[in-house]
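Residue strings, one per chain:
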Amino acid sequence: MKNIINAENAPSAIGPYSHGTTYGDLIFTSGQLPVCKVKGGVVEGGVAEQSKQSLENLNHVLLAGGGSLDTVLKTTCYLADINDFAAFNEVYKAYFKTDCPARSCFAVKDLPLGVKVEIEAIAHIKSK
């Protein structure tokens, strides 16, 4: 049965979608933008600061769905500029220190709100 994830600590969706869904023991997240719920709006700075915020938002959604960054099986990462790939990787590897999940990462023409990065994931729910 599909369940909708509403992560209290993540910023509100900017469109007609949920933070994520669960089905069985899997979690599917929507793309997480570098929007700070506390301060409101897109975080200031470059791709490093924006990547950190997107990963923090992703973690909030995963936790609300019963998972965590440790249960991520695959991420899809969208960059506004492929030249930010190395800087993005530096932040990413700080969040996925060991047993990195499978990943796709590519540049796209534009991202919502003019951001530099968006990250989505597929994870599993933690065993109880």
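Residues numbered from 1 in each chain as written. Predicted model: local features only at pLDDT ≥ 70, side-chain atom pairs only at ≥ 80, totals over all residues. Heavy atoms only, no water.

(A) Examining the overall build of the protein chain more closely. Helix and strand counts for the protein chain come out as two helices and six strands. The secondary structure elements of the protein chain, listed N-terminal to C-terminal, are β-β-β-α-β-α-β-β. Taken over the C-alpha trace, the protein chain has a radius of gyration of 14 Å; the compact-globule value for 128 residues is 14 Å, and the two agree within 12%. Each of the three principal axes of the protein chain carries a C-alpha extent, and together these read 40 × 30 × 25 Å. Partitioning the intrachain contacts of the protein chain with sequence separation of at least 6 by distance along the chain shows that 68% fall at a separation of at least 24. (Helix = DSSP H or I, 4+ residues; strand = E, 2+ residues; numbered from the N terminus. Rg over C-alpha atoms; globule rule 2.2 N^0.38 Å. Contact = heavy atoms within 4.5 Å.)

(B) Structural view of the sheet that holds strand β1 (residues 2-5). As summarised here, the arrangement of the six strands in space is β1-β2-β3-β6-β4-β5, forming an open sheet in which the pairing is mixed. Of all strands in the sheet, those with a lone pairing partner are β1 and β5 (102-107), marking the two edges. Each strand of the sheet is rotated relative to its neighbour by a mean of 15 degrees, with strand direction disregarded. Relative to β5, strand β4 (residues 72-79) is paired through six bridges, and the arrangement is parallel. The partner of Thr75 across the bridge, within β5, is Arg103. Its contacts with the sheet place helix α1 (residues 47-64) against β1, β2 (20-23), β3 (26-29), β4 and β6 (117-124), and it is angled at close to 30 degrees to β6. Packing of helix α2 (residues 85-95) onto the sheet brings it into contact with β4, β5 and β6, and relative to β5 it is tilted by some 150 degrees. (Pairing = 2+ DSSP bridges. Axes fitted to C-alpha atoms, helices over the stretch in contact; angles between N-to-C directions.)

(C) Region of the structure containing the environment of Glu118. Following the sequence through the fold, Glu118 ends up in strand β6. Taking the relative accessible area as the measure of exposure, Glu118 reaches 15% and is therefore buried. Between the C-alpha atom of Glu118 and that of Ala94, which follows or precedes it by 24 residues, the distance is 17 Å. Apart from residues lying up to four places away in sequence, Glu118 is in contact with Gly31, Gln32, Leu33, Thr76, Cys77, Tyr78, Leu111 and Pro112. (Buried < 20%, exposed > 50% of the residue type's maximum accessible area, 1.4 Å probe, protein only.)

(D) Region of interest: α2. Looking at α2, one finds that the buried residues are Phe88, Val91 and Tyr92. Along the axis of α2, the buried residues cluster in a sector spanning 100 degrees; they form a single face. The inward-facing, buried residues of α2 abut α1, β4, β5 and β6. (Arc of directions from axis to C-beta.)

(E) Spatial organisation of α1. Helix length check: α1, at 18 residues, gives a terminal C-alpha distance of 26 Å against a target of 26 Å (1.5 Å per residue), a fit within 8%. Among the residues of α1, those classed as buried are Val47, Gln50, Ser51, Gln53, Ser54, Leu55, Asn57, Leu58, Asn59, Val61 and Leu62. Where α1 is buried, its residues contact β1, β2, β3, β4, α2 and β6. Immediately downstream of α1, the backbone of Gly66 shows phi near 95 degrees, a positive value. (Expected span 1.5 Å × (residues − 1).)

(F) The arrangement of the pairing of β6 in detail. Relative to β6, β3 runs antiparallel, the two sharing three bridges. Bridging across to β6, Phe28 finds its partner in Ile122. Looking at chain direction, β4 and β6 are connected through seven bridges and run antiparallel. The residue of β6 that forms the bridge with Leu79 is Val117.

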